[in-house]
There are 2 protein chains.
Amino acid sequence: MTTAAPAALPDSHPLVTGRTSGSPLVRALRGDRPETLPVWFMRQAGRSLPEYRELRVGTAMLDACLDPAMASEITLQPVRRHGVDAGIFFSDIVVPIKLAGVDVEIVPGRGPVLGSPIRTAADVDALAPLDPAALAPITEAVQRTVAELGDTPLIGFAGAPFTLAAYLVEGGPSKDHIRARTLMHSDPETWSRLLDWAAGVSGAFLRAQVLAGASAAQLFDSWVGSLSRADYVASVAPHSATALGHVAELGVPRIHFGVGSGEVLREMTTLGSTTPGDPADAVAVDAVGVDWRLPLDEAVRRVGSGVTVQGNIDPAMLAAPWPVLEAHVRDVVRRGGAARAHVVNLGHGVPPETDPTVLTRVVELIHSLGDGTGVGEESVA
Amino acid sequence: MTTAAPAALPDSHPLVTGRTSGSPLVRALRGDRPETLPVWFMRQAGRSLPEYRELRVGTAMLDACLDPAMASEITLQPVRRHGVDAGIFFSDIVVPIKLAGVDVEIVPGRGPVLGSPIRTAADVDALAPLDPAALAPITEAVQRTVAELGDTPLIGFAGAPFTLAAYLVEGGPSKDHIRARTLMHSDPETWSRLLDWAAGVSGAFLRAQVLAGASAAQLFDSWVGSLSRADYVASVAPHSATALGHVAELGVPRIHFGVGSGEVLREMTTLGSTTPGDPADAVAVDAVGVDWRLPLDEAVRRVGSGVTVQGNIDPAMLAAPWPVLEAHVRDVVRRGGAARAHVVNLGHGVPPETDPTVLTRVVELIHSLGDGTGVGEESVA
């Protein structure tokens, strides 16, 4: 399936020239079952790779994200090493809020920390929109990367408005995001304006990556697992739909991933639409990412078979003896057979301590399994 | 309903003398619907109270837990102030592992931190059993507390083996407990021995509180939400059953609470039993705690109607304007009507910043609602 891409993408875009439109990743995201299962790993570009650690010496995280040559090289490293079916743009979910002028740093061992948290109506009023010119280093990094990737697609990504808002309100990482959720209930009007702002910033960041050559877009809602379904539907999902709306008419496949998202998986898939996976629908996503907690066949029961699933090898299995890991990977592939199509991935990011040779071996195993439908009962522990 | 308590409890125990056996809390836990709904708050004893902060000045957390007079006074403070229907013993889930000789401190703003994490078979071999004599300060604190409480029951509590093991393996708080879950998969034999040890320590801690006068026992699995159902059933639940088994023949009602437990709520209720809520069953619990993510009526659909539910006012609602909070509390009570009985609580601990007068007002509201069955549709926002 090599659907012609809509006109809004530049003529040189890999989906328009056809360079990536027939790739296993793009085909699977669009609902096809390619001859070999596509596989990539969340956080494949990063600390598990010695070549990454070497390159990063002396450069702060956000500086690395905003150096086009470095961000591009880091994005390419795992593609070269593991032979994965996609690059994922090396960045951080707080990059667009930094580009919008928010005082934020990434503190090693802790995570993003804000100079001053955003907690009041006045704080929200003071947030500036993201100047498109500020996205120049992102555009350049993506263009460099895509030029190197050949027919391997690049996935663009952005943090979802709730996750951005959680960092903004908490002022840093937190366990249950109670300050953010408190603002949601105590001042819903300010909450809504904050998430509108975050959706604009996030959407612009995602759109810049797609226009510069990314062949798919993933919205990443790290903290969605702290919400009840009712709160997600009423106070979060509409803003996630707004963020994804920024790339809707570009026609690239859209992936939505959350951690601990079992209770809201269907809502993350439809985002208010009634037709998950319908490419004519500006809201519904093409693929839903599933974390390690939920078996993929159970995920398909929740979201229906109109959408591709992505996941969900348990990162905690990567250090297990190979026969245990292999049985687990085969089980994931077998359960993924319940969906219309399956993009293999981890159920969360690569842990920094991971032995990268294990990841390469997992890619080889998955590529040996063909389209995944031949993985039967015998392989399940 | 004032069921005669089994002989294994001391004659002076409040459930044997009848002092607490007719209390709303004990009746509700045993499946009755008392005339007024019982209410207490997880972490009601603690930082939200100015009298607590004053008392704690100059005393480290674990020292306060092991000072019988101080632990007792802290336990009593919220009962006096709020008029809640139960005291919850002031302690910390790492107290029993400290009493077993593990080098652990609670670092303010961070949480429990171990001198050296437990990650290998040799580390597990080196763990000593808990000397019953070490529990003397716990016994004394509970006895003092119960003497003051009159006919208000005290709830004893302990951390579940998985949560203890997560701290032991990680060496401190962590987000997804990946080191612990990695050990589970990479060395299941060592994992099993570690959880056996934790279950013994946790069970002994819980049993000491019950023998000293606690009228109910809550097992608290803070981190259970990081597990898939398959991992919970295979590698965790049997050990939680072992921990709860330490108080089984004492016949006190047992509550099981976990955070983010939606996927495993039924398994936390049955713990391998097929008859949730059957008091003749040594394994099944009497009440299941539900966090803020899952509406209580949905929780009842998952666990069945043979068990009492506890919860689940969203702590993030406590700072909302009163009409919003009141509507939420009424909604929680209405949904709790789906269960055989309901113990009102928060869906997680009291946030330290909470205005305590709000908690008192919530107690008054709940006590004004009678047995809860009169709270109808009109009150739902």
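What counts and what doesn't
Positions within a chain are numbered from 1, following the residues in the order the chain's sequence is written. Here the convention is simple: chains get letters from A, ligands get numbers from 1, in the order in which they are written. Local features in this predicted model are restricted to residues of pLDDT 70 or higher, and side-chain atom pairs are both shown and tallied only at a pLDDT of 80 or more, whereas totals for entire chains, interfaces and linings draw on every residue. Heavy atoms throughout the structure, all of them, feed into the side-chain values; hydrogens and water do not. Superposition of the copies was done by least squares, using only C-alpha atoms of residues whose pLDDT is at least 70 in both. In what follows, a contact means two residues having at least one pair of non-hydrogen atoms within 4.5 Å. A pair of strands is treated as paired once DSSP finds two or more bridges between them. Numbering of helices and strands runs from the N terminus, with a helix taken as a DSSP run of H or I at least four residues long and a strand as a DSSP run of E at least two residues long. Accessible area is worked out with a 1.4 Å probe on protein chains only. A residue is then buried under 20% of its type maximum, exposed over 50%, and partly exposed in between. UniProt positions are given in the numbering used here, feature names are shortened, and annotations may be inferred rather than shown by experiment. pLDDT runs from 0 to 100 and stands for how confident the predictor is about each residue. Put simply, a salt bridge is a Lys or Arg side-chain nitrogen that is within 4 Å of an Asp or Glu carboxyl oxygen. Interaxial angle, 0 to 180 degrees, is taken between N-to-C directions of lines fitted to C-alpha atoms, where a helix line uses only the stretch in contact. Helix crossings are classified by the rotation of the near helix relative to the far one: an anticlockwise turn of less than a right angle makes the crossing left-handed, while a clockwise turn makes it right-handed. Amino acids outside the nonpolar list (Ala, Val, Leu, Ile, Met, Phe, Trp, Tyr, Cys, Pro) and the charged list (Asp, Glu, Lys, Arg) are all regarded as polar, and Gly is one of them. By buried area we mean how much accessible surface two parts lose on assembly, using a 1.4 Å probe and totalling the loss over both. Pairs of N or O atoms are called polar contacts if they sit within 3.5 Å, as long as, within protein, a hydrogen donor faces a hydrogen acceptor (for residues adjacent in sequence, only side-chain-to-side-chain pairs). In this scheme Phe, Tyr and Trp rings, the latter by its six-membered ring, pair at centre separations within 6.5 Å, and the angle between planes marks the pair as stacked below 30 degrees, edge-to-face above 60, and tilted otherwise. In this scheme, Lys NZ or Arg CZ marks a charge over a ring once it lies within 6 Å of the ring centre and within 35 degrees of the ring normal. Asp and Glu are treated as the negative residues and Lys and Arg as the positive ones, with His and the ends of the chain left uncounted.

Regarding the relation of the copies chain A and chain B
Here comes step 1: Superposing chain A onto chain B takes a rotation of 180° plus a shift of 0.0 Å along the axis, which leaves an RMSD of 0.0 Å. The transformation just described matches what one would write down for a two-fold rotation axis. No C-alpha of chain A approaches the rotation axis more nearly than that of A:K175, which lies at 3.6 Å.
Here comes step 2: Take the interface residues of chain A: 100% of them recur as interface residues in chain B, which is what a same-surface contact looks like.

Looking at the sheet that holds strand β1 (residues 87–88) of chain A
Strands pair in a sheet through their backbones, by hydrogen bonds, and they do so in one of two ways: parallel or antiparallel.
Residues and elements named next belong to chain A.
Here comes step 1: Within the open sheet, the seven strands sit side by side as β1-β4-β5-β6-β7-β8-β9. Their pairing is parallel. Only two strands of the sheet have a single neighbouring strand rather than two, namely β1 and β9 (342–346).
Here comes step 2: Looking at chain direction, β1 and strand β4 (residues 154–159) are connected through two bridges and run parallel. Within the sheet, the bridge partner assigned to I88 lies in β4 and is I155.

Topic: the pairing of strand β6 (residues 254–258) of chain A
Looking along a regular strand, one sees side chains alternate from face to face of the sheet.
Residue and element names in this part refer to chain A.
Here comes step 1: Counting buried positions along β6 gives five out of five residues, so the element sits mostly inside the fold.
Here comes step 2: Where strand β5 (residues 216–221) and β6 come together, five bridges link them in parallel fashion. The residue of β6 that forms the bridge with Q218 is I255.
Here comes step 3: Pairing analysis gives three bridges linking β6 to strand β7 (residues 287–289), with the strands arranged parallel. Looking at β7, one finds that I255 is bridged to A287.

With respect to the UniProt feature "domain: Uroporphyrinogen decarboxylase (URO-D)" (unreviewed entry) in chain A
Residues and elements named next belong to chain A.
Here comes step 1: The sites that UniProt annotates as "domain: Uroporphyrinogen decarboxylase (URO-D)" (unreviewed entry) are residues 38–47 and 155–171.
Here comes step 2: With 0% helix and 0% strand, the stretch residues 38–47 has end C-alpha atoms that lie 23 Å from each other.
Here comes step 3: Summarising residues 155–171: 59% helix, 29% strand, and an end-to-end C-alpha distance of 28 Å.

Digging into the confidence of the model for chain A
Here comes step 1: Summarising the model, chain A shows a mean pLDDT of 93, and 94% of its residues fall at 70 or more.
Here comes step 2: With a pTM of 0.93, the predicted complex shows an ipTM of 0.92.

Some details on the environment of B:S48
Residue and element names in this part refer to chain B.
Here comes step 1: Its location among the elements puts S48 in the loop between α2 (24–29) and α3 (50–56).
Here comes step 2: Since its relative accessible area comes to 3%, S48 is described here as buried.
Here comes step 3: Separated by 250 residues in sequence, S48 and E298 have C-alpha atoms that sit 30 Å apart.

Things to note about the UniProt feature "binding site: substrate" (unreviewed entry) in chain A
All names here are of chain A.
Here comes step 1: The UniProt record marks R43, Q44, A45, G46, R47, D92, Y167, S222 and H348 with the feature "binding site: substrate" (unreviewed entry), using the residue numbering of this structure. In summary, the annotated positions, distributed over 306 residues, remain apart in three dimensions as well, the widest C-alpha pair reaching 23.1 Å.
Here comes step 2: Structurally, R47 is set in the loop between α2 (24–29) and α3 (50–56).
Here comes step 3: Setting aside residues no more than four positions away along its own chain, R47 makes contact with Y52, R53 and P352.
Here comes step 4: S222 has contacts with I93, T163 and V259, leaving out every residue within four places of it along the chain.

A few points about the pattern of salt bridges
Residues and elements named next belong to chain A.
Here comes step 1: If you walk through the whole model with that rule in mind, you get 44 salt bridges over all chains.
Here comes step 2: Here R27 ties to E35 by a salt bridge, and the two come within 3.2 Å at their closest N and O atoms.
Here comes step 3: The buried category is assigned to R27, whose relative accessible area is 14%.
Here comes step 4: On the basis of relative accessible area, E35 is assigned to the exposed category, the value being 58%.

Brief notes about the packing of helix α9 (residues 161–170) of chain B against helix α11 (residues 188–211) of chain B
Residue and element names in this part refer to chain B.
Here comes step 1: At a minimum axis distance of 9 Å, the contact between α9 and α11 shows a crossing angle of 115°. Two packed elements cross with a definite hand, and for α9 against α11 that hand is right-handed. On the side of α9, the interface is formed by P161, F162, L164, A165, L168 and V169, while α11 contributes W191, L194, L195, W197, A198, A199 and S202.
Here comes step 2: When its residues are assigned to classes, the contact of α9 with α11 shows twelve nonpolar, one polar and no charged.

Comments concerning the interface of chain A and chain B
Here comes step 1: If you look at the interface, chain A gives 32 residues, while chain B gives 32 residues.
Here comes step 2: Approximately 2,400 Å² of surface area, both sides summed, lies buried where chain A meets chain B, with 55% of it carried by carbon and sulfur atoms.
Here comes step 3: Summed over the three residues of chain A that lose the most area to chain B, namely A:H185, A:E263 and A:R293, the buried surface amounts to 22% of that side.
Here comes step 4: At the boundary of chain A with chain B, the tally comes to six salt bridges.
Here comes step 5: Connecting chain A to chain B are ten residue pairs in polar contact (both at pLDDT 80 or more).

Some remarks on the packing of aromatic side chains
Here comes step 1: Applying the stated criterion across every chain yields a total of eight aromatic pairs over all chains.
Here comes step 2: We note A:R361 situated over the ring of A:W322; from NZ or CZ to the ring centre the distance is 4.0 Å.

Comments concerning the sheet that holds strand β4 (residues 154–159) of chain B
Residue and element names in this part refer to chain B.
Here comes step 1: Spatial ordering of the open sheet is given by β1-β4-β5-β6-β7-β8-β9, a layout of seven strands whose pairing is parallel. Each edge of the open sheet is held by one strand with a lone partner, namely β1 (87–88) and β9 (342–346).
Here comes step 2: Sitting on the sheet, helix α13 (residues 237–245) touches β5 (216–221) and β6 (254–258), and the angle it makes with β5 is about 155°.
Here comes step 3: Against the sheet, helix α16 (residues 322–336) contacts β8 (308–313) and β9, and its axis sits at roughly 165° relative to β8.

What to know about helix α10 (residues 178–186) of chain A
Here comes step 1: Across the nine residues of α10(A), seven count as buried, placing the element largely inside the fold.
Here comes step 2: The complete set of buried residues in α10(A) reads A:I178, A:A180, A:R181, A:T182, A:L183, A:M184 and A:H185.
Here comes step 3: Residues of α10(A) that are buried in the fold lie against α9 (161–170), α11 (188–211) and α12 (229–235) of chain A together with α16 of chain B.

Some words on the environment of A:V324
Residues and elements named next belong to chain A.
Here comes step 1: Looking at the secondary structure, you find V324 in helix α16 (residues 322–336).
Here comes step 2: By relative accessible area, which is 34% here, V324 ends up partly exposed.
Here comes step 3: Sequence spacing of V324 and L154 is 170 residues, and the spatial spacing of their C-alpha atoms is 31 Å.

Here's the deal with the side chain of B:D92
All names here are of chain B.
Here comes step 1: Of note, D92 is situated in the loop between β1 and α6 (95–99).
Here comes step 2: For the buried D92, no salt bridge is present, and the opposite-charge side chain at shortest range is R43, 7.1 Å distant.
Here comes step 3: Leave out the neighbours within four places in its chain, and D92 touches M61, L62, C65, I106, F157 and F205.

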